[in-house]
Amino acid sequence: MIYAAYQAQTDLFDPFRTMARMSRRFLDTAMAGNRMSGFGESALLRNLSAACEMVERSGLSHARPAFDIASVMVGNREVAVVEEVALALPFGTLLHFAKDLDQPQPRILVVAPLSGHFATLLIDTVRTLLPENDVYVTDWANARDVPLSAGGFGFDGYVEHVIRFLEAIGPGAHALAVCQPCVQVLAATAVMAQNDNPATPLSITLMAGPVDTRVNPTKVNELATSKPLDWFEQNLIATVPPGFAGSGRRVYPGFVQVGAFLAMNMDRHVKAHVELFENLAMGEHEKAHTTKTFYDEYFAVLDLAAEFYLETIRIVFQEHDLPRGVLTYQGEPVDFRAIRRTALLTVEGERDDICAVGQTVAAQDICASLRPHLRRHHMQAGVGHYGVFSGRRWKGQVYPLVRSHILASDG
């Protein structure tokens, strides 16, 4: 009943959010008229407008925000960027950010996490990569919009999608995984190497991912191991209600995941929204825009197929199949010693409270057949989880290492 209750509450409050939006527009028009007539702005009207906007923004979105990358600077000229669908599958689309360039650039698959948010969570990652790379992104579907006729989507399905996406890009590509898919990208690379797949990536970059969660367990890891798997299935899995394409599908709702993330740092989020109200009321539009942009993405949620969520809890967080050497794909053992020619870069954040220091670098030991010159690790000082792949230090300190790693292994 959890999903039905959530949807009923959402439907109940939608009219209030609509009224708040209309009221804010009216107040903003009134304030604009006051400015034009020379009467200036009223503090009361600004506060009322800010309050209306806070009510207007109080709900969650279940649609992917736009990447909205129309162009990038390549060298000293501006180049148009066009989003193209390179491969469409029921549970995910391979999205290509095409640029009209004569000079070929390294092709890179950015594998986004499937953990309650859309691939646009990595917009800063994509923007940074685009000027010097031919970028593809895994644009995961909201499971509540995938009809039951499409079948299920589990851990193996994710690995299969990574393999099919790399095959669609073609031989000579690179892969960069952020957070949760570090496990699947490592597994996909091993499977492709075992099968001598010509599309096996030349390099992989694993950023802040749970390769071995036995190392420095975080609150996220402790929660995953504090209950038996049946508890997660009984308490966190819901059925998509009627009215959606995926009606009847069992899912781990995105609103539950976001609620868990909020609970981890509730004081910080409350403070951010208090400051947002103050900035709106004081007319500090630039500061307000920065906060709104972040939360527009943070509160855009997608549902995960139940089988993927539960298998991830079991395989990655409870039984640690990958670091124990017992991971399988489609019933066959995955041999990570098969990875011999794919260069490996692992990146961690010093203050990461989701994937702690030590959990991602574990991939270095797992890829035991790689020669030393094909391995590299970087621990970024002063950043938490999101700072590894977004923000000032990502652009200025982490990305230059990623760029060197890709160029050194590019065919």
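Structure: see above.
Residues numbered from 1 in each chain as written. Predicted model: local features only at pLDDT ≥ 70, side-chain atom pairs only at ≥ 80, totals over all residues. Heavy atoms only, no water.

Draft legend 1. Expanded view of the sheet that holds strand S4 (residues 107-111). If you walk across this open sheet you meet the nine strands as S1-S2-S3-S5-S4-S6-S7-S13-S14, and the pairing is mixed. Taken across any chain shown, the strands that pair with only one partner, and hence form the sheet edges, are strand S1 (71-74) and strand S14 (375-380). Sheet twist, expressed as the mean angle between neighbouring strand axes with direction ignored, is 25°. For S1 and strand S2 (residues 77-89), the ladder comprises four bridges, and the chain directions are antiparallel. Bridge pairing in S2 links Val72 to Val79. (Pairing = 2+ DSSP bridges. Helix = DSSP H or I, 4+ residues; strand = E, 2+ residues; numbered from the N terminus. Axes fitted to C-alpha atoms, helices over the stretch in contact; angles between N-to-C directions.)

Draft legend 2. Spotlight on the packing of aromatic side chains. All chains considered together, the criterion is met by 14 aromatic pairs. A ring pair is formed by Phe91 and Phe153, whose centres lie 4.9 Å apart and whose planes are at 20°; its orientation type is stacked. Taken as a pair, Phe91 in the loop between S2 and strand S3 (92-99) and Phe153 in the loop between strand S5 (134-140) and helix H4 (155-169) lie far apart in primary sequence, 62 residues in all. According to the relative accessible area criterion, Phe153 is buried, its value standing at 3%. Arranged with centres 5.8 Å apart and planes meeting at 65°, the rings of Trp394 and Tyr399 form a pair that is edge-to-face. Side by side, Trp394 and Tyr399 carry an identical accessibility label, which is buried. Its end group placed over the ring of Trp231, Lys227 keeps NZ or CZ at 5.4 Å from the ring centre. (Phe/Tyr/Trp six-rings, centres within 6.5 Å; stacked < 30°, edge-to-face > 60°. Buried < 20%, exposed > 50% of the residue type's maximum accessible area, 1.4 Å probe, protein only. Lys NZ or Arg CZ within 6 Å of the ring centre and 35° of its normal.)

Draft legend 3. Molecular detail of unusual backbone geometry. The phi dihedral of Asn216 is positive, around 45°, even though this residue is not glycine. One non-glycine residue, Gln330, lies in the positive phi region at around 50°. Along the chain, Gln330 turns up in the loop between strand S11 (328-329) and strand S12 (332-333). Accessibility expressed as a relative area gives 52% for Gln330, which makes it exposed.

Draft legend 4. The pattern of salt bridges, seen in detail. In total, this model carries eleven salt bridges according to the counting rule given. One salt bridge connects Arg17 with Asp14, and the closest N-O pair in it is separated by 3.1 Å. In this pair, Arg17 and Asp14 are both assigned in helix H1 (residues 2-37), three residues apart and thus about one turn of the helix distant. Residue classification places Arg17 among the buried residues on the basis of a relative accessible area of 13%. The class of Asp14 is partly exposed, set by a relative accessible area of 34%. A salt bridge links Arg314 to Glu319, with the nearest nitrogen and oxygen atoms 3.5 Å apart. Among the residues examined, Glu319 registers a relative accessible area of 35% and is labelled partly exposed. Each of Arg24, Asp28 and Glu56 takes part in a single network of salt bridges with overlapping partners. (Salt bridge = Lys/Arg side-chain N within 4 Å of Asp/Glu carboxyl O.)

Draft legend 5. Just the nonpolar core, in detail. Membership of the largest hydrophobic core comes to 109 residues, with the highest contact counts inside it found for Phe97, Val135, Leu186, Leu206, Met207, Tyr309 and Phe336. Considering every element that reaches this core, the biggest residue donor is helix H5 (residues 182-194), with nine residues. The contact partners of Phe336, leaving out residues within four places of it in the chain, are Leu186, Ala187, Ala190, Leu322, Leu327, Ile366 and Cys367. If you look at the next biggest cluster of nonpolar residues, it comprises seven residues, including Val258, Leu262, Tyr295 and Tyr298. (Core = buried A, V, L, I, M, F, W, Y, C linked by side-chain atoms within 4.5 Å. Contact = heavy atoms within 4.5 Å.)

Draft legend 6. Inspection of a nonpolar patch on the surface at higher detail. Side chains of Leu12, Phe13, Phe16 and Met19 sit close together on the surface and give an oily, nonpolar patch of about 440 Å² of accessible area. Along the chain, the position of Phe13 falls in helix H1. (Patch = residues over 30% accessible without salt bridge, like charges linked within 9 Å, V, L, I, M, F, W, Y side chains within 5 Å. Areas by Shrake-Rupley, 256 points an atom, 1.4 Å probe, with all protein chains shown as cover.)

Draft legend 7. Quick look at empty space enclosed by the protein. Scanning the entire structure with this criterion turns up one cavity of 30 Å³ or more. Estimates place the volume of the largest cavity at around 40 Å³. For the largest cavity, the full set of lining residues is Phe91, Leu114, Ala141, Ala143, Phe153, Asp303, Leu304 and Ala305. Taken together, the residues of the lining of the largest cavity sort by class into seven nonpolar, no polar and one charged. (1 Å grid on protein atoms, 1.4 Å probe; cavity = no way out; pocket = protein on both sides within 12 Å on 5 of 7 lines; lining within 4 Å. Points joined across faces, edges and corners; volume = space filled by probe spheres on them. Nonpolar A, V, L, I, M, F, W, Y, C, P; charged D, E, K, R; others polar.)

Draft legend 8. How the structure looks around the sheet that holds strand S8 (residues 238-239). Read from one edge to the other, the open sheet built from three strands follows the order S8-S9-S10, with strand pairing classed as antiparallel. Looking at strand neighbours, the two that pair on one side only are S8 and strand S10 (304-305), the edges of this open sheet. Pairing of S8 with strand S9 (residues 250-252) involves two bridges; the strand directions are antiparallel. Considered in S9, the bridge of Ala238 is made with Val251.

Draft legend 9. Up close: the environment of Phe118. Position of Phe118 relative to the elements: it lies in the loop between S4 and helix H3 (123-129). Overall, the relative accessible area of 5% leaves Phe118 in the buried class. The sequence separation of Phe118 and Gln184 amounts to 66 residues, and the corresponding C-alpha distance is 17 Å. If sequence neighbours within four positions are ignored, Phe118 has contacts with His62, Ala63, Arg64, Pro65, Trp140, Asn142, Glu297, Ala300, Val301 and Leu302.

Draft legend 10. Focus on the environment of Ile237. Along the polypeptide, Ile237 turns up in the loop between helix H7 (229-236) and S8. Residue Ile237 is classed as buried on the basis of its relative accessible area of 7%. Among residues more than four places away in sequence, those in contact with Ile237 are Phe232, Arg250, Val251, Tyr252, Ala306, Tyr309 and Leu310.

Draft legend 11. Focus on helix H14 (residues 392-409). Relative to the 26 Å expected for 18 residues at 1.5 Å per residue, H14 spans 26 Å between its end C-alpha atoms, a close match to the ideal helical length. Every buried residue of H14 is accounted for by Trp394, Val398, Tyr399, Leu401, Val402, His405, Ile406 and Ser409. Its buried side turned inward, H14 meets S4, H3, strand S6 (174-178), strand S7 (203-207), strand S13 (343-349) and S14. (Expected span 1.5 Å × (residues − 1).)

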